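Structure assessment
Below are the chains, spelled out letter by letter.
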Amino acid sequence: NGGHAPALARLQARPRSGIVGVNIGANKDAADRTGDYVAGLEAFYEVASYFTVNISSPNTPGLRDLQAPAALDELLGRVMEARAARTAAGRPRVPIVVKIAPDIAEEDLAAIVGRLEAHGVDGIAVSNTTLARPDLKSPEAAEAGGLSGRPLFHRSTVVLARVHQLSGGRIPLIGIGGIDSGESALSKIEAGATLLQLYTGLVYEGPSLIGRLKQHLAEAVARAGAGSIADLKGRQAVAWAARPLDG
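The following paragraphs examine the structure supplied in this document. (Residues numbered from 1 in each chain as written. Predicted model: local features only at pLDDT ≥ 70, side-chain atom pairs only at ≥ 80, totals over all residues. Heavy atoms only, no water.)

**Things to note about the overall build of the protein chain**
Short version of the rule: Only runs of H or I of at least four residues qualify as helices and only runs of E of at least two qualify as strands under DSSP, and these elements are numbered from the N terminus. Radius of gyration: over C-alpha atoms. The globule rule applied is 2.2 Å multiplied by the number of residues raised to the 0.38 power. Note on classification: 1.4 Å probe, protein chains only; a residue is buried when its accessible area is under 20% of the maximum for its type, exposed when over 50%, partly exposed between these limits. Should any heavy atoms of two residues lie within 4.5 Å, those residues are counted as being in contact. A 1.4 Å probe and the Shrake-Rupley method give the accessible areas. Residues count as covered only by the protein chains that appear here. Neither His nor the chain ends contribute to the count of charged residues, in which Lys and Arg are positive and Asp and Glu negative. Every charge is mapped onto a representative atom, which is NZ of Lys, CZ of Arg, CG of Asp or CD of Glu.
Of regular secondary structure, the protein chain possesses 9 helices and 6 strands. Relative to the 2.2 N^0.38 estimate, which gives 18 Å for 247 residues, the radius of gyration of the protein chain is 18 Å and therefore close to what a compact globule would have. Within the protein chain, the fraction of its 247 residues that count as buried is 47%. For the protein chain, restricting intrachain contacts to residue pairs at least 6 apart in sequence, the fraction spanning at least 24 positions comes to 70%. Of the accessible surface of the protein chain, which amounts to about 12100 Å², a share of 53% is contributed by carbon and sulfur atoms. Measuring between centres, the 26 positive side-chain charges of the protein chain sit 5 Å from its 25 negative side-chain charges.

**Observations regarding the nonpolar core**
Soluble globular proteins tend to pack their nonpolar side chains together in the buried interior. Definition in use: Here, nonpolar core refers to any group of buried Ala, Val, Leu, Ile, Met, Phe, Trp, Tyr and Cys residues whose side-chain atoms link them within 4.5 Å.
In terms of nonpolar packing, the biggest core is built from 50 residues, with Y37, F51, V53, I100, L116, I124 and V163 touching the most fellow members. Leave out the neighbours within four places in its chain, and I124 touches V97, V98, I100, L116, V163, I171, P172, L173 and I174. Formed by 11 residues, the second largest nonpolar core is a distinct cluster that contains I189, L217, A220 and V221.

**Thoughts on the packing of aromatic side chains**
Basically, it comes down to this: Note on aromatic contacts: the rings of Phe and Tyr and the six-membered ring of Trp form a pair at centre separations within 6.5 Å, being stacked when their planes are under 30 degrees apart, edge-to-face when over 60 apart, and tilted otherwise. Criterion for a charge above a ring: Arg CZ or Lys NZ at most 6 Å from the ring centre, at most 35 degrees from the ring normal.
As enumerated under the stated definition, the model contains 2 aromatic pairs in all. Measuring from ring centre to ring centre gives 5.8 Å for F153 and W240, while their planes differ by 85°; the resulting arrangement is edge-to-face. With F153 in helix α5 (residues 153-167) and W240 in helix α9 (residues 237-241), this residue pair connects regions lying 87 residues apart in the sequence. A single burial state applies to F153 and to W240, both of which are buried. A cation sits over an aromatic face here: R243 above W240, 3.9 Å from the ring centre.

Okay, here's the thing in structure tokens:
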């Protein structure tokens, strides 16, 4: 892509409506990867509704190494410092969400969630695409890169539920991965998601999917006799967290 400048120009030219999430990351050849994240935050601060600190893209070699606690401390320390400088100058406090991988080893997850909570992130996006290839029959299954869509649903939902348990529901979670129906959307909420994010499902189902999801969630709230969808959040987290990643 053209980099920061063309993207910023397009965002500045659009009508200021809706929510703009800006995904910031590092270039694969960067000498200072953390500096790339800070540069992204500083460049887009005036147009972003929130930032996603992407430490989990499988397509940038070595990027997932930033999920290690020590590297995460350095990264988030500098990113939060850059935001604090903006707010000290009178600018709004733009939320910062960290996007993690679904392939994190179970024994490493608690430390990662602990560091995210310690740095006061505003949310955790669970999850990015996976390097796993669960029961794929396509001849393209051996291709490199991240897998998205329905094959990602189970693994990403298990990790979502485990993060919900580890964080005690104190941090908003964005459920991502394989949401292509009302049922899958409800499962993410029940596993602990506060918000949902869709990509591949929209490709195959089209924009009308949004209305169907909302209808299904509204019906689920009514069936449960709940006051809102928030009352259903995490009610199946224990069951989901107990499942194997490759179920």
